[in-house]
Amino acid sequence: MAIELQELNTNALNAQGIQVDALDDTTMVINMGPQHPSTHGVLRVVLELDGEIIVRATPHIGYVHTGIEKSMEYQTYMKAVTNTDRMDYLSAHINNAAFTLSVENLLGIAPPPRGQMLRVMLMEIQRLASHLVWIATHCLDLGAMTVYFYAFQQREKLLDLTEMISGVRMMPSWIVPGGLRGDAPEGWFERAKEFVDNFPEALEELENLLSANPIFRERTQGVGYISVDECLGLGVSGSTLRAAGVDYDVRKAKPYSGYEQFDFYVPLGEFSDVYDRFRVRMAEMWQSREIIKQCIEKMPEGAINISDRKIVPPPRKELDNSMEAVIHHFKLWTEGFHPPVGESYVPLESPKGEIGFYIVSDGTNRPYRAHMRPPSFMNLQALSTMCVGRLMADVVAVIGSIDIVLGEIDR
Amino acid sequence: MSLGTFLKSTIDGANALRTGFGITFRHYAEQQLKTKPVDTIQYPEERREQYPRTRWRHVLTRYDNGLEKCIGCSLCAGACPARCIYVQAAENTDEQRFSPGERYAAKYEINMLRCIFCGFCQDACPTGAIVLRKDFELSDYTREDFLYTKEMFLEAAPMETMIPASTIGAMNRENAAK
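Nothing here was measured: the structure is a model prediction, and the numbers come from that model.

Caption draft 1: View of the interface of chain A and chain B. Taken together, the 39 residues of chain A in the interface contact 35 residues of chain B. Contact between chain A and chain B buries roughly 3,100 Å² in total, counting both sides, with carbon and sulfur atoms accounting for 53%. When residues of chain A are sorted by the area they lose upon contact with chain B, Arg 181, Arg 316 and Trp 333 of chain A head the list and together hold 19% of the total. If you look at where chain A meets chain B, you find five salt bridges. At the junction of chain A with chain B, the criterion picks out 25 residue pairs in polar contact (both at pLDDT 80 or more). A breakdown of the residues in the side of chain A that touches chain B according to their chemical character gives 17 nonpolar, 11 polar and 11 charged.

Below, the structure written as structure tokens:
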């Protein structure tokens, strides 16, 4: 079988059916998706099969392309934040922060300590929520349905925290250039504390359900291997890269928003398979909880926004007695601010991998170009490498393990 | 596979399954004996807790004396990333006074199909007239029904105030005819 496979690889047929020699045509091309429930959205994978062995897996994307990057060019910097929510809809806070940090880099500003730490806390809450959705759907794909309910129970508590502070569950747009749109409401930290205290029990439960389960291990151990070189060559980042044993976490490598003051470690894998990615993400959840806990303990007092009235609108109570404040307020909400001419890219660690916005400013109030480095898009490139030579059922496990969000891939 | 490894893997597997099913059955028992609160909500009868900042359907608020807070400045329309707000201002007269300032919103329309509930209108409004409140059940049958007008947004006036909402509607229609 191995020799036959190699022959097929060298003498490969085009998945689109070009140059097919009828006598050599022993493979079958089948279509997985875009409506397949385990493709996490609308991903279409064209699989070339030899029996049940995969010769090639070609992801076809673009089914949810909505031109978000283009529409950002027509919004002022502040309004463009709302577009970023809708890219990776499972980690909205982190997308907001990615755009915001890049704009702040252009402007040369940084919010005060409380603003920064509140951002870190929101981002870690979002990372936990995203990882919980990942484990829920990944296990649902592999046939472990119970995990879904327990993971979503916990996620609900995290979304409640987001709703308390921002007013919505999934599209907060709460992190904006200059700081945040509002401070934490009364009782928010208590709720967060309550969650942090109760979460280990639930997380242990999830681990106990899966990590030793023979069926889960059979489906995941040794599946979807990718070497370190291939990972680096394809630009894979995030948990998938760390599962291959590469110690690269942007939070540690290039700390942003004051991540350097937190005490956490970067979990690494060893075998670079689906099971290792599961283990790495589970360990990351423990670390995220740790960071949230430290945030609650260390949260400094003070302002959350910078005091520059040319970038952040004045507080509402100033509007009643200061004409200047009213002028700034009107100017900011209609025209916005003008960053200096230049370009900027600030990498962040999203639940999927390295995220960042490359923003080109031409000195006007709108980005000349806003391009996102989508971690899911880069990671999806590795799908073919991970699947070749494996069984068809493993594709489902691999797609689940690289944790893609199609909204981010197609944008 | 030797007998030793076979036995070991069988025992390990059985143990893991026991742990897993143990968790599932414990949850089942907790639900049945009601020792833990149930997380699911029977939706139309029961409602989720909503928080003070909840951003849903817009409301145009009034002052305590019944005057509208909206002064028709269109800043909400300017701040809207989805460009779904339309405001047409008109002058207040001494006979017909809607808001304390010089102008009021003769027309205030939001296309709720375009609205993304980002809350920027609420943040931008200099008088705090437009606020996003908790009414989230916004489904309807036709696209036209989603073009919400001022009468639909306007908060009910206090009992003792001067202008009944119907007059405002009539006034709006007059303005539209002009």
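Caption draft 2: Fine view of a nonpolar patch on the surface. A cluster of nonpolar side chains, contributed by Ile 215 of chain A together with Leu 17, Phe 21, Phe 25 and Tyr 28 of chain B, occupies part of the molecular surface with about 560 Å² of accessible area. At four residues, the largest contribution of residues to the nonpolar patch is made by helix α1 (residues 3–33) of chain B. The topology assignment puts Phe 25 of chain B in helix α1. Its relative accessible area of 55% is what places Phe 25 of chain B among the exposed residues.

Caption draft 3: Structural detail: helix α14 (residues 323–334) of chain A. With 12 residues, α14 of chain A extends 17 Å between its outermost C-alpha atoms, agreeing within 8% with the 16 Å of an ideal straight helix rising 1.5 Å per residue. Every buried residue of α14 of chain A is listed here: Ala 325, His 328, His 329, Leu 332 and Trp 333 of chain A. Taken around the axis of α14 of chain A, the buried residues stretch over an arc of 115°, which confines them to a single face. Residues Met 323 and Glu 324 of chain A are exposed on α14 of chain A and point more than 90 degrees away from its buried face. Where α14 of chain A is buried, its residues meet α3 (77–85) and α13 (316–319) of chain A together with α2 (75–79) and α3 (120–124) of chain B. One or two residues past the end of α14 of chain A sits Gly 336 of chain A, with phi positive at roughly 80°.

Caption draft 4: Local environment of the nonpolar core. Residue and element names in this part refer to chain A. Counting residues in each nonpolar core, the largest one holds 83 residues, and the members touching the most others are Phe 99, Leu 118, Met 121, Ile 135, Trp 188, Leu 206 and Leu 348. Tallying contributions element by element places helix α5 (residues 113–141) first for this core, with 14 residues. Filtering out sequence-adjacent residues up to four positions away, Leu 118 remains in contact with Ile 165, Leu 180, Gly 182, Asp 183, Ala 184, Trp 188, Phe 189, Met 299 and Ile 304. Counting 28 residues, the second largest nonpolar core, distinct from the first, contains Leu 43, Leu 49, Cys 387 and Ile 404.

Caption draft 5: How the structure looks around the domain arrangement of chain B. When its domains are assigned, chain B resolves into domain 1 (1–38) and domain 2 (58–161). Computed from C-alpha atoms alone, the centre-to-centre distance between domain 1 of chain B and domain 2 of chain B is 57 Å.

Caption draft 6: Fine view of the side chain of Asp 85 of chain A. Residues and elements named next belong to chain A. Residue placement: Asp 85 occurs in helix α3. According to the relative accessible area criterion, Asp 85 is buried, its value standing at 0%. There is a polar contact of 2.4 Å between the side chain of Asp 85 and the side chain of Ser 173. Filtering out sequence-adjacent residues up to four positions away, Asp 85 remains in contact with Ala 92, Asn 96, Met 171, Pro 172 and Ser 173.

Caption draft 7: Summary view of the environment of Ile 291 of chain A. Residues and elements named next belong to chain A. Residue placement: Ile 291 occurs in helix α12 (residues 274–298). Judged by relative accessible area, Ile 291 falls into the buried class, the value being 0%. Separated by 167 residues in sequence, Ile 291 and Glu 124 place their C-alpha atoms 7.2 Å apart. If sequence neighbours within four positions are ignored, Ile 291 has contacts with Val 120, Glu 124, Arg 251, Tyr 259, Phe 262 and Phe 264.

Caption draft 8: Structural context of the pattern of salt bridges. All names here are of chain A. Within the structure shown, the criterion is met by 34 salt bridges over all chains. For the salt bridge of Asp 88 with Lys 352, the shortest nitrogen-to-oxygen distance reads 3.4 Å. Taken as a pair, Asp 88 in the loop between α3 and α4 (92–107) and Lys 352 in the loop between β6 (342–349) and β7 (354–361) lie far apart in primary sequence, 264 residues in all. For the pair formed by Asp 88 and Lys 352, the shared burial category is buried. A salt bridge links Glu 290 to Arg 289, with the nearest nitrogen and oxygen atoms 3.8 Å apart. The buried category is assigned to Arg 289, whose relative accessible area is 11%.

Caption draft 9: A look at the packing of α5 of chain A against α12 of chain A. Residue and element names in this part refer to chain A. Look at α5 against α12: their axes get within 9 Å of each other, and the N-to-C directions meet at 150°. Put simply, α5 runs roughly antiparallel to α12. Seen along the crossing, α5 lies across α12 with a hand that is left-handed. Residues that form the contact of α5 with α12 fall into these classes: 16 nonpolar, three polar and seven charged.

Caption draft 10: Spatial organisation of the sheet that holds β7 of chain A. All names here are of chain A. One open sheet holds the three strands; their spatial order is β6-β7-β8, and the pairing between them is antiparallel. The open sheet has two free edges, formed respectively by β6 and β8 (367–373), since each of these has just one partner strand. When the angles between neighbouring strand axes are averaged without regard to direction, this sheet yields 10°.

Caption draft 11: Main features of the pairing of β8 of chain A. Where β7 of chain A and β8 of chain A come together, six bridges link them in antiparallel fashion. When the sheet's bridge partners are listed, Gly 356 of chain A is paired in β8 of chain A with Arg 373 of chain A.

The rules behind each value
- Residues numbered from 1 in each chain as written.
- Chains lettered and ligands numbered in written order.
- Predicted model: local features only at pLDDT ≥ 70, side-chain atom pairs only at ≥ 80, totals over all residues.
- Heavy atoms only, no water.
- Contact = heavy atoms within 4.5 Å.
- Buried area = accessible area lost by both parts, 1.4 Å probe.
- Salt bridge = Lys/Arg side-chain N within 4 Å of Asp/Glu carboxyl O.
- Polar contact = N/O pair within 3.5 Å; in protein donor to acceptor, adjacent residues only side chain to side chain.
- Nonpolar A, V, L, I, M, F, W, Y, C, P; charged D, E, K, R; others polar.
- Patch = residues over 30% accessible without salt bridge, like charges linked within 9 Å, V, L, I, M, F, W, Y side chains within 5 Å.
- Areas by Shrake-Rupley, 256 points an atom, 1.4 Å probe, with all protein chains shown as cover.
- Helix = DSSP H or I, 4+ residues; strand = E, 2+ residues; numbered from the N terminus.
- Buried < 20%, exposed > 50% of the residue type's maximum accessible area, 1.4 Å probe, protein only.
- Expected span 1.5 Å × (residues − 1).
- Arc of directions from axis to C-beta.
- Core = buried A, V, L, I, M, F, W, Y, C linked by side-chain atoms within 4.5 Å.
- Domains from an automatic or database assignment.
- Axes fitted to C-alpha atoms, helices over the stretch in contact; angles between N-to-C directions.
- Parallel < 35°, antiparallel > 145°, perpendicular 65-115°, else oblique.
- Left-handed = near helix turned anticlockwise from the far one by under 90°.
- Pairing = 2+ DSSP bridges.

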